[in-house]
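Residues per chain, in single letters:
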Amino acid sequence: MKSAVSLAIVLITFGYVNLRSLVKNTAVFFMISFCFCGFMLFVWFIFTPKGMVIRNSVVYFSISPVIMIITTVICYAVINVITRITERPPPKNEICKIRIINNNHFSEFYGKSDTGNTLCEPFSNAPVIVVNENALKDTAEKEFINLMYTKEPECMLKGKYRLIPFHSVGGSGLLPAFVPKEVYIDNVYCGMRIYVAVCRNTISEGEIKAMVNPEIIEAVKGDFDDSCKII
């Protein structure tokens with residue numbers, strides 16, 4: 001039962017990407033739990049601090065609110081410093097070739113990975129590629145094209161399509177989006193769930209027809225090896 005609960009906690013927290021990620025996250029969860037347990041037992045048997053009680057594998061501390069606030073601020077500062085030191089720098093803006101297969105057709109165009117584009121579908125947190133409307137041609141279903149011009153967003157939410165909220169320097173609004181059958185970045189198939197949001201305005205000058213969430217580029221480069229393959 002405890003193993004099932006632990007697995008459920010990991011799934012709720014991180015979601016399901018692939019089996020490898022699930023096993024890895026679960027192993028890290030257990031490792032952190034074991035380290036915490038070992039440290040607490042060390043403190044209990046060596047120092048036996050006043051106000052510390054262990055009951056049914058749960059650690060209780062009798063501390064004042066002031067100390068709790070101070071220690072929380074210190075822990076936050078330490079975690080923030082560690083995160084800044086260990087996190088990888090975001091990928092630089094780069095040009096990539098995108099192929100979207102859907103509706104028994106495919107569209108191919110160039111996109112730009114922009115560190116400022118962190119657009120995600122709000123329910124699943126799946127990354128989004130924003131594409132010019134004219135770049136998709138026959139890739140999007142006719143039903144989706146019709147819904148793009150509807151004045152009733154509820155019609156879109158009832159089906160397999162979504163409205164993606166966005167905020168930019170030029171304003172804010174909702175972009176209609178769909179999940180394509182297949183997405184390739186520089187001839188690399190990415191199996192992670194990706195939404196393609198359609199923008200009726202020109203995204204960039206020249207051959208650039210899309211803006212890509214950097215998370216997708218990281219996935220293609222190997223962060224999700226089980227979800228991507230080269231063709």
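Residues numbered from 1 in each chain as written. Predicted model: local features only at pLDDT ≥ 70, side-chain atom pairs only at ≥ 80, totals over all residues. Heavy atoms only, no water.

A. View of the overall build of the protein chain. For the protein chain, the helix and strand inventory stands at seven helices and 12 strands. In the protein chain, 60% of the contacts between residues at least 6 apart in sequence involve partners at least 24 apart. Total accessible area on the protein chain is roughly 15,700 Å²; 61% of this is exposed by carbon and sulfur atoms. (Helix = DSSP H or I, 4+ residues; strand = E, 2+ residues; numbered from the N terminus. Contact = heavy atoms within 4.5 Å. Areas by Shrake-Rupley, 256 points an atom, 1.4 Å probe, with all protein chains shown as cover.)

B. Inspection of helix α1 (residues 2–14) at higher detail. Given a rise of 1.5 Å per residue, 13 residues ought to cover 18 Å, and the 18 Å separating the end C-alpha atoms of α1 matches this to within 8%. Note on α1: the residue one or two positions beyond its end, glycine 15, has a positive phi of about 75°. (Expected span 1.5 Å × (residues − 1).)

C. The packing of aromatic side chains, seen in detail. Summed over all chains, the structure comprises three aromatic pairs. Aromatic side chains tyrosine 184 and tyrosine 189 sit 5.5 Å apart centroid to centroid with 50° between the ring planes, which places their arrangement in the tilted category. Take tyrosine 184: its relative accessible area is 9%, and that puts it in the buried class. Feature note: the residues Phe29, Phe30 and Phe34 constitute an aromatic cluster, connected by ring pairs. (Phe/Tyr/Trp six-rings, centres within 6.5 Å; stacked < 30°, edge-to-face > 60°. Buried < 20%, exposed > 50% of the residue type's maximum accessible area, 1.4 Å probe, protein only.)

D. Region of interest: the pairing of strand β11 (residues 208–212). The buried fraction of β11 amounts to four of the five residues, a majority that puts the element mostly inside the structure. Here strand β4 (residues 105–113) runs beside β11; their pairing, made up of four bridges, is parallel. In the strand pairing of β11, tyrosine 110 is matched with isoleucine 208. For strand β5 (residues 128–132) and β11, the ladder comprises three bridges, and the chain directions are antiparallel. Within β11, the residue paired with valine 130 across the bridge is methionine 211. (Pairing = 2+ DSSP bridges.)

E. Quick peek at the pairing of β5. Counting buried positions over the five residues of β5 gives five, a clear majority of the element. One ladder, built from five bridges, connects β5 with strand β10 (residues 195–199); its direction is parallel. In the strand pairing of β10, asparagine 132 is matched with cysteine 199.

F. Quick peek at the environment of asparagine 117. Along the chain, asparagine 117 turns up in the loop between β4 and β5. The sequence separation of asparagine 117 and valine 130 amounts to 13 residues, and the corresponding C-alpha distance is 9.2 Å.

G. Up close: the confidence of the model for the protein chain. With 86% of its residues at a pLDDT of at least 70, the protein chain reaches an overall mean of 80. Contacts of residues 223–231 to residues separated by more than four positions or lying in other chains number 28 contacts, the stretch itself having pLDDT below 50. (pLDDT = per-residue confidence, 0-100.)

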